[in-house]
Amino acid sequence: MAGFRDLDKVLFPIKSINNVVQLFRNQLESPSEPDLALLSIVAGVIENSLTSRSNAALQVCEPVEQNNLPILEIKTVEILYDKFRSIMLNAVDQNKAKGFATRDLVKKVSDVIWNSLTRSYYKDRAHLQSLYSFLSGNKLDCFGVAFAVVAGCQCLGYNDVHLALSEDHAWVIFGENGTETAEVTWHGKGNEDKRGQEIGKGVSARSWLYVNNKPVICTRHMEVAALVSAINPSLNSTHDAYEVALLQQELLWLLYELGHLKKYPMAIGNLGDLEEIAATEGKVPCKDLFQEAVTSARSYYSNQHVYPYTYQGGYFYRNKMYEEAFESWANASDVIRLDDEEIYKEFLEIANELIPHIMKIESSGFSANTILKKPKCFADLLRFYDGICQWEEGSATPVLHIGWAKPLVLTISKFDADVRAQVNIVCDKSEEDKLLKKNGTYFNNNNYEKENGSTAVSDSVVSTNVKNHSDKDNSPFHPSIEAL
Ligand SMILES: CC1(C)CN=C(N2CCN(c3ncnc4sc(CCF)cc34)CC2)S1
C-alpha cells in the first residue's frame with residue numbers, strides 16, 4: 001500500500017484544488033497501490049468543510065476565488081488516518097500469516113465498521129460516504145460501509161479484497177482468484193442485511209440490483225474512482241459548493257486520462273454531468289462522455305446496465321433533443337430485468353413525467369421539425385413501453401397501473417395515423433430475416449450494427465427490437481418494430 005509517504009506530506013498544508021489533484025496523482029502513479037483510507041479522509045475533510053451548515057451561507061453568497069480551499073493541515077489528516085488504522089489493527093488480530101482474505105476476516109472487518117456506527121441516523125443523508133464521516137461522526141451510507149470495509153482490508157494488508165458495484169448496491173470480492181463474494185452492507189429500507197453471505201447465484205443475482213451478474217469489479221485505482229464519484233458537492237437541495245464540484249471534476253479527469261474510468265460507466269456519466277454544467281476547455285465534450293459510458297457498458301457488462309442510458313437520455317432531454325432522448329430511454333428499457341424499487345422510480349419519472357412533458361411541448365404546434373411526424377420516434381416509444389410491459393410480465397409484483405396507462409395512451413395518440421402506419425410490427429423471424437438481409441442490418445439484443453460493425457441505421461429503414469413477450473429463449477432475434 002502506498003501509505004502516507006513523504007512525497008505526499010510535502011504537499012501539506014493543502015490550500016488549493018491543484019494540491020489535492022497532485023496528492024491523488026502521486027498516489028495513483030505510485031509503484032505500490034493508492035491508499036484508500038488516506039484519499040477518502042482528504043476528500044471527506046474538504047467536502048465537509050465546504051458543505052457543512054456552518055459555512056453554507058458563506059459559500060452561497062461569496063464564492064471564494066477559484067482554486068482556493070480552506071487550509072488542510074497535515075495534523076488533521078494524520079490524526080484521522082492513525083485513528084482508522086488503530087481501529088482496524090486492534091480489532092483484527094495480526095498474528096495470522098498474511099495471504100488471501102477469508103470470509104471470516106471480511107465479515108470481521110464489516111462487523112468492526114458496522115458496530116462503530118451510530119445506532120440510528122438518516123441513512124440517505126448527503127456526505128455520509130467517506131472515512132471522514134465514519135471517523136468523525138460514526139455515520140456511513142450503504143456505499144460508505146462497503147468502501148470502508150475495502151479500505152480496512154487494505155490497511156490490514158489484504159490486497160485481494162475489492163469493491164464490487166452494481167447501479168444500486170455494493171459488496172466485495174476476495175480470495176485467490178477473486179471469485180469469492182460477500183455482502184458487507186445493507187441495501188434499501190427495511191431489508192434485513194445479508195452481511196457475510198455470498199451473492200446468491202439464483203434469481204436475485206440476475207435482477208437489476210446485481211445487474212444480472214455483470215457488476216463493476218474494481219481495481220484499487222477504480223476504488224479511488226468510486227470514492228471520487230461519491231464526492232457530493234451538495235450544499236442544500238438547490239446549490240452545490242463550487243469548489244467541491246470543481247475538485248470532483250478535476251479528479252475525475254485525472255482518473256479518466258489515466259484510463260481508470262474505462263470500465264466504470266457511472267463514473268464517466270458523473271463526469272459528463274459535471275462537464276454539461278461547466279465544460280472544461282479542450283476536453284472530450286459531455287455528449288461524447290455519455291456515449292462512452294454507453295459503449296463501456298455494452299463492451300464490458302453485456303449491456304446490462306441502465307444508468308448509462310438514463311444519463312444520456314437526461315442530457316438529450318435537458319437539451320431538447322427529444323428524438324435522441326426517446327432512443328436512449330428505449331435502449332434503457334431494453335436492458336431492465338426483474339422489478340426493483342430504485343430503477344422503477346427512474347422509469348416511472350421517464351414514462352409519466354419526462355415523456356408527457358415532451359409530448360405537451362411537441363403538440364403545442366410550435367416545433368417545426370416535430371417528432372410527432374417521425375416514425376422512428378414512434379418506434380422507439382413503443383420499444384420503451386414494450387420493455388416496461390415485459391418487465392411487468394417477468395416480475396413477481398405488478399408494475400403497471402392506470403397511472404402508467406393514461407400517459408401511455410395520451411402519448412401514443414399524439415402520433416397521427418399516417419405516421420403510426422409507417423411503423424410495421426414484424427412478428428416472425430422469417431419476415432425479419434428477409435428485412436434484415438435486404439437492409440444489411442442485423443440485431444443483437446439491444447443495439448444494431450451494420451455487418452461492417454459500425455453502429456448505424458440505414459436511412460430508409462429504422463429497425464428496433466421489441467422483445468417477444470412469449471419467447472423466453474435467448475435468441476438474439478426478436479419480432480421487431482419497423483418504421484419504413
Ligand atoms: C442517470 C442518473 C439518474 C444520474 N445519476 C446517477 N447516479 C449517480 C452516481 N451513482 C454512482 N456513481 C458511481 N458509482 C456508483 S456505485 C453505486 C451503487 C451504490 F454503491 C452508485 C454509483 C449512482 C447513479 S444515475
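Every value quoted in this text rests on a predicted model; they were computed, and no experiment measured them. (Residues numbered from 1 in each chain as written. Predicted model: local features only at pLDDT ≥ 70, side-chain atom pairs only at ≥ 80, totals over all residues. Heavy atoms only, no water.)

Regarding its fold elements, the protein chain presents 19 helices and 11 strands. Evaluated residue by residue, the protein chain yields a buried proportion of 54% over its 484 residues. A total accessible area of about 21300 Å² is found for the protein chain, and carbon and sulfur atoms account for 53% of it. (Helix = DSSP H or I, 4+ residues; strand = E, 2+ residues; numbered from the N terminus. Buried < 20%, exposed > 50% of the residue type's maximum accessible area, 1.4 Å probe, protein only. Areas by Shrake-Rupley, 256 points an atom, 1.4 Å probe, with all protein chains shown as cover.)

In this section: the confidence of the model for the protein chain. Any residue range with low pLDDT should be treated as having predicted coordinates unsuitable for detailed reading. On average, residues of the protein chain carry a pLDDT of 86, and 83% of them reach 70 or more. Considering only residues more than four positions removed or in separate chains, one finds that residues 440–479, a stretch of pLDDT under 50, has 96 contacts. (pLDDT = per-residue confidence, 0-100. Contact = heavy atoms within 4.5 Å.)

Attention now goes to the site of the ligand. As a structural note, the neighbourhood of the ligand is formed by 15 residues, with Ser166, Tyr264, Asn270, Tyr307 and Tyr311 the closest of them. The separation between a nitrogen atom of the ligand and a polar side-chain atom of Tyr264 is 2.7 Å. Interatomic distance of 3.4 Å between a side-chain N/O atom of Tyr311 and a nitrogen atom of the ligand. Out of a free accessible area of 550 Å², the ligand has 74% covered by protein chains. Elements with a minimum of two residues in the shell around the ligand: helix H11 (265–277) and helix H13 (307–318). Among the elements that take part in the shell around the ligand, H13 stands out by supplying three residues, more than any other. A breakdown of the residues in the shell around the ligand according to their chemical character gives seven nonpolar, five polar and three charged. (Near = heavy atom within 4 Å. Polar contact = N/O pair within 3.5 Å; in protein donor to acceptor, adjacent residues only side chain to side chain. Nonpolar A, V, L, I, M, F, W, Y, C, P; charged D, E, K, R; others polar.)

Contact geometry of helix H3 (residues 36–51) with helix H5 (residues 74–91) gives a least axis separation of 10 Å together with a crossing angle of 135 degrees. Taken together, the axis directions place H3 and H5 in an arrangement best described as oblique. Our pair here, H3 against H5, has a crossing hand that is right-handed. Facing H3, whose interface residues are Ala37, Leu38, Ile41, Val42 and Val45, H5 presents Val77, Leu80, Tyr81 and Phe84. (Axes fitted to C-alpha atoms, helices over the stretch in contact; angles between N-to-C directions. Parallel < 35°, antiparallel > 145°, perpendicular 65-115°, else oblique. Left-handed = near helix turned anticlockwise from the far one by under 90°.)

Attention now goes to the nonpolar core. Counting residues in hydrophobic clusters, the biggest one holds 140 residues, and the most contacted among them are Phe24, Phe84, Leu163, Trp329, Phe347 and Phe384. In this structure Phe84 touches Ala37, Ile113, Leu131, Phe134, Leu135, Ala148, Ala151, Gly152 and Cys155, once residues within four positions along its chain are discounted. Core analysis: the second largest hydrophobic core is formed by six residues, Ala164, Trp171, Leu209 and Tyr210 among them. (Core = buried A, V, L, I, M, F, W, Y, C linked by side-chain atoms within 4.5 Å.)

A pair can form between side chains of opposite charge whenever their charged atoms are brought close. The full count for this structure, using the stated rule, is 20 salt bridges. Note that Asp273 and Arg318 form a salt bridge whose closest N and O atoms lie 3.6 Å from each other. Of this pair, Asp273 sits in helix H11 while Arg318 sits in helix H13, and the two are 45 residues apart along the sequence. Owing to a relative accessible area of 28%, Asp273 belongs among the partly exposed residues under this scheme. By relative accessible area, which is 43% here, Arg318 ends up partly exposed. With a closest N to O distance of 3.1 Å, Arg383 and Asp380 form a salt bridge. In this pair, Arg383 and Asp380 are both assigned in helix H16 (residues 375–394), three residues apart and thus about one turn of the helix distant. (Salt bridge = Lys/Arg side-chain N within 4 Å of Asp/Glu carboxyl O.)

So, about helix H17 (residues 402–413). Note: α-helices contain 3.6 residues per turn, so residues at a spacing of three or four share the same orientation. For H17, which comprises 12 residues, the first-to-last C-alpha distance of 16 Å matches the rise-based estimate of 16 Å (1.5 Å per residue) to within 8%. Within H17, the full set of buried residues consists of Trp404, Pro407, Thr411 and Ile412. Looking straight down H17, one finds that the buried residues subtend no more than 130 degrees of arc, so they occupy a single side. Across from the buried face of H17, at angles greater than 90 degrees, the exposed residues are Ile402, Lys406 and Val409. (Expected span 1.5 Å × (residues − 1). Arc of directions from axis to C-beta.)

A cis amide bond links Phe12 with the next residue in sequence, Pro13, at an omega value of -5 degrees. Relative to the helices and strands, Pro13 resides in the loop between helix H1 (6–9) and strand E1 (14–16). Phi at His127 is positive, roughly 65 degrees, even though this residue is not glycine. Tracing the sequence through the fold places His127 in the loop between helix H6 (103–116) and helix H7 (131–137). Phi at Val211 takes a positive value of approximately 40 degrees, unusual for a residue other than glycine. As for its placement among the helices and strands, Val211 is situated in the loop between strand E5 (180–182) and strand E6 (216–217). In this structure Val211 comes out as buried when scored by relative accessible area, which is 1%.

Pairing between the strands of a sheet is mediated by backbone hydrogen bonds and can be parallel or antiparallel. The four strands lie next to each other as E5-E4-E3-E6, forming an open sheet whose pairing is antiparallel. Each edge of the sheet is formed by a strand with only one pairing partner; in this case those strands are E5 and E6. Two strands pair when backbone bridges link them, and strand E3 (residues 162–165) and strand E4 (residues 170–174) are joined in this way by four bridges, in the antiparallel orientation. Looking across to E4, one finds that Leu163 is bridged to Val172. H6 rests against E4 and E5 of the sheet, and its axis sits at about 25 degrees to E5. (Pairing = 2+ DSSP bridges.)

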